[in-house]
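Chain and residue survey
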Amino acid sequence: MNPCLRAIVRSALYVGCTVFYVKEGYQGMIDDEIQEATWDSVSSIIHRGGTVIGSARSKEFLTDEGKMKAIKNLITRGINHLIVIGGDGSLTGAHELKKNWTRLLDNLVSQGLVTKDLADQHPYVKIVGTVGTIDNDFSGTDMTIGADSALHRIQEAVDSISSTAYSHKRTFILEVMGRHCGYLALKTALTCEADYVFVPEMPPPMNWAEDLEKKIKIGFVYGKRLHIIVLSEGAVDENHEPITADKVKQVLVGKMKIDTRVTVLGHVQRGGSPSAFDRILGSRLGAETVLAVLELHQDDEPVVVVLYSNQVQRVPLTTAVEKVKKVKQLLDENKFDEAIELRGRSFKSNFQNFKILSRLEPKKLSLDSQNRYNIAVLHIGTPVCGMNACLFSFVRNCLHRGSKVFGIFNGIEGFLAGHFREIQWSDVTGLVSEGGSYLGTKRTIPTDEMYPKFADQFDKYKIDGFLIIGGFEGYQAALEFIKRRDRHKEFRIPIALIPATINNNVPGSDFSVGADTAVNIIMKACDLFRQSALGTKRRVFIVETMGGKCGYLATAAGIASGVDSSWIFEEPYNIQHLTTEVEHMKMKMIDGKILRGLVLRNEMSSDNYNTDFFTRLYAEEGKHVFTARKNILGHVQQGDTPSVFDRSLAVKLSVNAVQWFFRQFENGTRDSEGRFSMSSDDSSVVIGIFGNQFCNTKINDLLPLVDMENRLVKCEWWMMYRPLLKILACHNSVYNDPNFR
């Protein structure tokens with residue numbers, strides 16, 4: 001909520017509005033806890049959890065008397081534009097205020113509590129909301145503020161629990177929040193390789209205890225030392241009887257005598273520093289709410305600003321709230337299928353994916369050998385978090401369909417040397433949470449003389465499909481394989497690329513696997529840099545990020561960290577821009593606005609203005625005001641465990657890749673030697689995501705969109721972040737400075 005609050009205040013000030021805080025929610029509106037906000041009052045809050053202005057439930061606001069007090073306090077200060085950040089209860093309250101404004105205002109006048117002149121000056125109220133709830137249960141939005149951060153807290157707990165559970169051969173029951181929505185539980189189960197999950201929308205059959213017992217017993221037969229069961233606090237069975245953590249424990253301890261522990265995370269999920277995704281989401285939604293509330297007409301219905309298909313959009317408040325209530329009603333009436341439909345198809349597909357991935361062995365299939373396929377998987381490029389999750393999901397989904405997966409170890413060199421190995425179901429156990437590359441990977445680009453040897457390896461192992469998981473080098477390699485299909489019939493097979501690079505510069509997808517983890521690492525480092533300077537004199541940190549010539553990391557991490565400036569290759573700059581920015585920093589520090597500055601620089605943003613130059617320039621021009629320190633983060637940006645976003649993205653892209661491969665197999669033929677071959681050259685795609693839609697784009701069709709020399713997409717969607725970053729970073733004294741970028 002704090003990043004959203006920061007964006008609202010600064011965006012409103014930027015366009016010339018006066019902004020007020022209402023502290024302690026609607027109760028603060030009643031008790032007149034309203035104060036004017038300033039640019040500085042939202043400094044240093046972007047990294048803080050919760051909300052600095054407080055939040056509280058208010059029974060008094062449900063009454064006409066309470067609303068009348070609130071209206072009086074608002075109009076006394078000349079306020080008739082209201083932005084509400086909260087869940088469906090908060091937004092419903094806002095709608096009631098709007099609906100009853102005229103009637104209650106007339107009551108205030110008739111009772112002599114406000115003058116008619118004052119009432120006439122405020123005949124209406126414009127209301128815009130944005131959703132802050134960890135449950136992610138609001139209809140019309142892909143993600144709500146707080147949900148990703150809650151998943152980060154849960155992920156940290158699961159990773160910690162896994163260590164002790166594995167050591168002691170224990171089973172853990174993890175209860176997460178979600179009285180009416182199983183989003184947190186389902187997403188957690190999918191990204192931590194849980195054995196079983198209970199969610200309100202998909203109740204298990206009445207014999208769930210027997211099913212659970214069977215699943216755990218099979219796990220022990222396969223040598224599993226760790227079992228994790230994820231339980232939503234609102235879980236029920238088919239008869240709507242609650243399934244509690246204690247009930248599940250009784251099954252495991254009472255019947256099976258298994259050493260079992262229960263962990264109830266509770267309000268831990270609401271706390272901690274916001275994730276990078278939530279900071280960016282809050283900033284985007286916050287800025288849009290300001291525009292929305294100013295653009296509403298007097299009689300317009302209140303709207304909610306949401307994120308849908310990676311775009312910030314406005315939806316009618318009433319419609320959205322009614323859908324939320326409808327889902328709860330359907331769950332109460334045991335109409336679970338209808339409730340799931342309102343949740344959206346991704347919820348249902350997540351559950352289906354979980355059921356496949358959580359199996360302890362592939363299902364037994366009696367398929368004709370002509371319908372079994374061999375698919376090779378190769379990692380190309382630098383290792384990034386999420387590559388292993390891709391492999392995990394792809395292998396299990398292929399084996400589930402009765403086909404074989406051959407891992408090519410050690411990148412291109414391993415390909416040449418024939419380091420092929422069939423990957424079994426159990427080989428990928430535990431890979432979802434591991435960083436790096438299980439198969440091994442290098443940035444080597446194949447040369448002309450290598451391709452005949454590649455063809456020989458494909459022929460030797462009878463490869464029918466080829467999946468590349470990697471960055472821009474992977475895209476280049478895929479292009480080269482396609483070009484040589486005329487010379488090598490072994491390449492006339494389906495070829496797919498899953499983008500996996502922290503640079504986020506592969507065409508055909510808004511996001512690459514690994515980029516979100518890297519943004520979070522940079523953001524955390526920036527938080528620590530700021531903290532390290534507490535108690536010291538004024539200091540500016542110059543932080544160099546990776547990314548090649550792509551400025552995604554410097555931009556996304558810049559918004560998430562609340563930096564003062566961010567310099568990237570895509571926006572050329574000169575010495576005048578730099579000196580203006582230094583003067584800007586000096587002005588803020590002299591005025592006492594800030595004590596610590598943060599400047600992000602993409603590693604290849606300029607050949608001559610390198611990080612050393614930045615540091616010396618800031619140190620020289622800022623002397624007597626601040627000192628400058630250089631920080632090159634380097635390969636730490638490729639490490640850590642994958643974020644929940646990257647784990648989920650990897651799993652879903654791999655599922656989509658499997659589905660695409662098998663559609664291609666249906667259209668291909670086998671020759672007299674049993675070798676699979678495609679008749680069309682279209683069988684090569686990038687498996688990507690645009691907004692919330694998974695897309696398979698032909699590799700050759702993407703060529704016009706690519707700057708091959710600079711390894712960039714010509715039109716980068718995230719460049720829309722740049723104006724927002726600058727607005728939230730600058731100070732009002734430089735709004736009219738023509739040299740300010």
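What you see is a predicted model; the values in this text were computed from it and never measured. Here the residue numbering is sequential within each chain, running from 1 through the sequence in written order. Totals for whole chains, interfaces and linings use every residue, but because this is a predicted model, local features are given only for residues with pLDDT of at least 70 and side-chain atom pairs only at 80 or more, for both listing and counting. No hydrogens and no water enter the side-chain calculation; it runs on all heavy atoms of the structure.

So, on to the overall build of the protein chain. Secondary structure elements follow DSSP: runs of H or I of four or more residues count as helices, runs of E of two or more count as strands, with numbering from the N terminus. Across its full length, the protein chain holds 23 helices and 25 strands. C-alpha atoms define the radius of gyration in this analysis, and the globule rule sets the expected value at 2.2 Å times the number of residues to the power 0.38. Its C-alpha radius of gyration of 28 Å places the protein chain within 12% of the 27 Å reference for a compact globule of 741 residues. Considering only C-alpha atoms, the protein chain reaches an extent of 95 × 70 × 50 Å along its principal axes. Counting all 741 residues of the protein chain, 59% fall into the buried class. We call two residues in contact when some of their heavy atoms are within 4.5 Å. Expressed as a percentage of contacts within the protein chain between residues at least 6 apart in sequence, the contacts between residues at least 24 apart total 78%. A total of about 29600 Å² of accessible surface is found on the protein chain, and carbon and sulfur atoms cover 49% of it. Between the averaged position of the 88 positive side-chain charges in the protein chain and that of its 87 negative side-chain charges there is a distance of 4 Å. Whether a residue is buried, partly exposed or exposed follows from its accessible area with a 1.4 Å probe, protein chains only, as a fraction of its type maximum: under 20%, in between, or over 50%, in that order. Note on areas: Shrake-Rupley with a 1.4 Å probe; residue coverage comes only from the protein chains shown. For the purpose of counting charges, residues Lys and Arg are taken to be positive, whereas Asp and Glu are taken to be negative. His and the chain ends are not included. Note that the charge is assigned to NZ on lysines, CZ on arginines, CG on aspartates and CD on glutamates.

Next up on the list: the packing of helix α8 (residues 208–221) against helix α9 (residues 245–255). At their nearest, the axes of α8 and α9 sit 10 Å apart, and the two run at 55° to each other. Here α8 lies oblique to α9, going by the angle between them. Both α8 and α9 take part in a crossing whose hand is right-handed. Along the contact surface, α8 presents Trp-208, Ala-209, Leu-212, Glu-213 and Ile-216, while α9 presents Lys-247, Val-248, Val-251, Leu-252 and Lys-255. Angles here are taken between N-to-C directions and fall from 0 to 180 degrees, while the axes themselves are lines fitted to C-alpha atoms, restricted in helices to the stretch in contact. Reported orientations rely on four angle classes, namely roughly parallel under 35 degrees, roughly antiparallel over 145, roughly perpendicular from 65 to 115, and oblique for the rest. By definition, turning the near helix anticlockwise from the far helix through less than a right angle yields a left-handed crossing, and turning it clockwise yields a right-handed one.

Topologically, Arg-359 is positioned in the loop between α13 (345–357) and β11 (374–380). A relative accessible area of 29% means that Arg-359 is categorised as partly exposed. As for Arg-359 and Arg-485, which are separated by 126 residues in sequence, their C-alpha atoms are 38 Å apart. Setting aside residues no more than four positions away along its own chain, Arg-359 makes contact with Arg-396, His-400 and Trp-425.

The term salt bridge refers to a side-chain nitrogen of Lys or Arg lying within 4 Å of a carboxyl oxygen of Asp or Glu. As enumerated under the stated definition, the model contains 27 salt bridges in all. A salt bridge links Glu-96 to Lys-99; the shortest N-O distance between them is 3.2 Å. Separated by 3 residues within a single helix, Glu-96 and Lys-99 lie in helix α4 (residues 88–110), roughly one turn from each other. Residue Lys-99 is classed as exposed on the basis of its relative accessible area of 54%. Three or more residues joined by partner-sharing salt bridges are found here, namely Asp-448, Glu-480, Lys-483 and Arg-484.

Now for the packing of helix α10 (residues 276–295) against helix α19 (residues 552–561). At a minimum axis separation of 8 Å, α10 and α19 run at an interaxial angle of 80°. Compared by their axis directions, α10 and α19 come out roughly perpendicular. For the pair α10 and α19, contact is made by Ala-276, Arg-279, Ile-280 and Ser-283 and by Ala-556, Ile-559, Ala-560 and Ser-561, respectively. Only Asp, Glu, Lys and Arg are considered charged in this grouping, and only Ala, Val, Leu, Ile, Met, Phe, Trp, Tyr, Cys and Pro are considered nonpolar; every other residue, Gly among them, is considered polar. Residue composition of the contact of α10 with α19, grouped by class: 5 nonpolar, 2 polar and 1 charged.

By size, the foremost hydrophobic cluster in this structure holds 172 residues, and its most contacted members are Phe-394, Phe-466 and Tyr-552. Look past the residues within four positions of Tyr-552 in its chain and what remains in contact with it is Asn-503, Asn-504, Phe-511, Ala-515, Val-519, Ala-557, Trp-717 and Trp-718. Val-22, Tyr-26, Val-114 and Ala-320 belong to the second-largest nonpolar core, a separate cluster that totals 34 residues. Among buried residues, the Ala, Val, Leu, Ile, Met, Phe, Trp, Tyr and Cys ones that are joined through side-chain atoms within 4.5 Å form a nonpolar core.

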